[in-house]
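An overview of the molecular structure
As a plain string of letters, each chain reads:
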Amino acid sequence: MIIKTKTAIPASEITDPLIFKDRRKIIKALLATMVTGAGISSASANANPAWANLPQGNADTELLTPTPIELIKNYTNYYEFAFNKQDAGSLAQNLRTDPWSVEISGEVEKPGTYYLEDILRRQTLQEYVYRFRCVEAWSMVVPWIGFPLGNLLTLVKPLSTARFVKFTATYQPEVMPRQRNNAMLHWPYVEGLRIDEAMHPLTILAVGMYGDILPKQNGAPLRLVVPWKYGFKSIKAIVKIELLQKPPITSWTQFAPNEYGFYSNINPAVAHPRWSQSSERLLGSRFFSPRRQTELFNGYGEQVASLYSDMDLRHFF
Ligand code: MTE
C-alpha cells in the first residue's frame, strides 16, 4: 500500500496547503518526465506494447489528429453550469478546485480521503490521445494527460466483493447554477462502471490535456475518460469513488432509462430512440461536411470487445 488516508498520514507527510496552489507546477513537473502513452502511430506508442495496437480510425487521411484546443474548450457539456455548450467556459471559472480530495470507500481494504496531490505523487502521468464520441453524434480527438484508474484502485485494494464502481462529481450549488435550481438531473452528477471496465488500461483519470492542467470547463481537476463509451460516462470533477456490490443508479439512466443505459458502449448499430448513431460530425467541421462513420466501441474493439463477449450488444446499451 503506498497511499495513505488523511488520518493515517503523519503530520510531516500531509500536503502543505501552499502546495495546492502549485498543482499546475506539480503536474508540469510530472509532465516533464512524461512518456507518450497512447494514440497515434508514433515510435513511442509502439515502444509500449500495451498501446501498440490502438486503432487508427477508419478514414484514409485520418490519423488521430487532435482537435484544436480552442474548439474543445468552447464547446462543452457541463450541465451543472449550463444546458448549452458555450456558457460553462466562463461560469466554470468560479469552481473551487483547491484544495481537492477524493473519498474512496465501499468494498476496499484501504478506504480513505486522499488529496489529489498525494494521489498524483504515486502515479506516472502519460498522454493518451483518444477519440471522444458524444452520444449527441459529434466527436473530437483529445490528447489527455492522466493515469489508469486501475492503478489507483489497485492501491486501495478492492475486495473480491467489489463488482461496480460509482463516481460522484462535486456539489457546489453556490457556483453551479443548475444545481441551485435543481434543474434536469438529480445532483450531484453520478456515473458508474463495472469493475473490469474500471480496471481496463484504456480507462483513465485525466488531470490535463494538451500538456497543461485541465480547463475547468473540461472537468478540472480530475475527470474520468472511457474512450469506448459515450461521452456522458466520462464524469468531470470527481470527488468520490465507491466500490460496490451492485450497479449504481447513474444520473442519465435515472433521467431517461430508455435513452441512456448503464453500459452505453459506442455502437453504430443501436440508434438512440431519437437519432441515428451510425455516423458522427467531427467537432470543427462544417455542418454539411462529410460525416465520419461511427465505429463499434469507438474503434477500440480490439482492446475491449472481450469484456462483453457474453452480451448481446443490441440489447445492452
Ligand atoms: N460530468 C459532469 N460532472 N457534468 C456533466 O454535465 N457531461 C458529460 C461528461 N461529463 C458532464 C460530465 C457529457 S454529456 C459529455 S459529452 C462530456 O462530459 C463532455 O466533455 P467535454 O465537455 O470536456 O467535451
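Keep in mind that what you see is a predicted model, and the values were worked out from it rather than measured.

On to the nonpolar core, then. When a protein is soluble and globular, its nonpolar side chains tend to lie buried together. Within the largest apolar cluster, 78 residues are counted, with the highest numbers of intra-cluster contacts made by Trp-144, Leu-149, Phe-167, Leu-224, Trp-228, Ile-241 and Leu-243. Residue contacts for Leu-224: discarding those within four places in its chain leaves Leu-149, Phe-167, Leu-193, Thr-203, Ile-204, Leu-205, Lys-233, Ser-234, Ile-235 and Ile-238.

Before going further, it helps to examine the site of the ligand. Neighbouring the ligand are 17 residues; Tyr-79, Glu-80, Asn-218, Arg-223 and Lys-236 lie closest to it. Asn-218 places a polar side-chain atom, nitrogen or oxygen, 2.9 Å from an oxygen atom of the ligand. Contact between the ligand and Lys-236: an oxygen atom at 2.6 Å from a side-chain N or O atom of the residue. Protein contacts shield 99% of the accessible area of the ligand, which totals 530 Å² for the unbound molecule. Split into classes, the residues belonging to the shell around the ligand amount to 9 nonpolar, 5 polar and 3 charged.

So, on to unusual backbone geometry. In this structure, Pro-99 follows Asp-98 across a cis peptide bond, with omega equal to -10 degrees. Looking at the element boundaries, Pro-99 is found in the loop between helix 5 (88-91) and strand 2 (101-106). Backbone torsion omega between Ala-220 and Pro-221 reads 0 degrees, so that peptide bond is classified as cis. By the secondary structure assignment, Pro-221 is in the loop between strand 9 (212-213) and strand 10 (223-225). Positive phi values are uncommon outside glycine, yet Lys-157 reaches one of about 60 degrees. By secondary structure assignment, the location of Lys-157 is in the loop between helix 7 (149-156) and strand 6 (164-169). A residue is classified by how much of its surface remains accessible, and Lys-157, at 33% relative accessible area, is partly exposed. One non-glycine residue, Asn-182, lies in positive phi territory at about 60 degrees.

A separate point is the packing of aromatic side chains. Evaluation of the coordinates by the stated rule reveals 15 aromatic pairs. Ring plane angle 85 degrees and centroid distance 5.1 Å describe the contact between Tyr-75 and Trp-138, whose orientation is recorded as edge-to-face. Separated by 63 residues along the polypeptide, Tyr-75 in the loop between helix 4 (69-73) and helix 5 and Trp-138 in strand 5 (residues 138-148) bring together distant segments of the chain. For the ring pair Phe-164 and Phe-262, a centre distance of 5.9 Å and an interplane angle of 75 degrees mean the geometry is edge-to-face. Taken as a pair, Phe-164 in strand 6 and Phe-262 in the loop between helix 10 (251-255) and strand 12 (279-282) lie far apart in primary sequence, 98 residues in all. With respect to class, Phe-164 is no different from Phe-262; both count as buried. Joined through ring pairs, the aromatic side chains of Tyr-79, Phe-83, Phe-232, Trp-252, Phe-255 and Tyr-260 make up one cluster. A cation sits over an aromatic face here: Arg-178 above Phe-83, 4.9 Å from the ring centre. Above the face of the Phe-262 ring, Lys-233 is positioned so that its terminal group lies 4.4 Å from the ring centre.

What follows covers the confidence of the model for the protein chain. The predicted model of the protein chain has a mean per-residue pLDDT of 87, with 82% of residues at 70 or higher. The least confident element of the protein chain, judged by mean pLDDT, is helix 3 (residues 43-47) at 29; the most confident is strand 6 at 99. Segment residues 1-11: pLDDT under 50, and 24 contacts once partners within four positions in sequence are set aside and those in other chains are kept. Confidence drops under a pLDDT of 50 for residues 36-61, and excluding neighbours within four residues, the segment shows 50 contacts in the predicted structure.

Here the focus is the pairing of strand 12. Pairing analysis gives 2 bridges linking strand 5 to strand 12, with the strands arranged parallel. Along strand 12, the bridge assignment pairs Ser-139 with Leu-282. Of the pairings in the sheet, the one linking strand 12 to strand 13 (residues 292-293) comprises 2 bridges and is antiparallel in character. Bridge pairing in strand 13 places Glu-280 opposite Arg-292.

Right, let's get into the pairing of strand 5. Consecutive side chains along a regular strand alternate between the two faces of the sheet. By the criterion of burial, strand 5 is predominantly enclosed, with 11 of the 11 residues buried. Both strand 4 (residues 126-133) and strand 5 contribute to a ladder of 8 bridges, which runs antiparallel. If you follow Glu-127 over to strand 5, its bridge partner there is Ile-145. Hairpin geometry of strand 4 and strand 5 is characterised by an intervening segment of 4 residues between the two adjacent antiparallel strands and by a positive phi of about 75 degrees at Ala-137. Pairing geometry for strand 5 and strand 8 (residues 204-209), over 5 bridges, is antiparallel. Residue pairing across strands places Pro-148 opposite Ile-204, the latter belonging to strand 8.

The rules we used
Residues numbered from 1 in each chain as written. Predicted model: local features only at pLDDT ≥ 70, side-chain atom pairs only at ≥ 80, totals over all residues. Heavy atoms only, no water. Core = buried A, V, L, I, M, F, W, Y, C linked by side-chain atoms within 4.5 Å. Buried < 20%, exposed > 50% of the residue type's maximum accessible area, 1.4 Å probe, protein only. Contact = heavy atoms within 4.5 Å. Near = heavy atom within 4 Å. Polar contact = N/O pair within 3.5 Å; in protein donor to acceptor, adjacent residues only side chain to side chain. Areas by Shrake-Rupley, 256 points an atom, 1.4 Å probe, with all protein chains shown as cover. Nonpolar A, V, L, I, M, F, W, Y, C, P; charged D, E, K, R; others polar. Helix = DSSP H or I, 4+ residues; strand = E, 2+ residues; numbered from the N terminus. Phe/Tyr/Trp six-rings, centres within 6.5 Å; stacked < 30°, edge-to-face > 60°. Lys NZ or Arg CZ within 6 Å of the ring centre and 35° of its normal. pLDDT = per-residue confidence, 0-100. Pairing = 2+ DSSP bridges.

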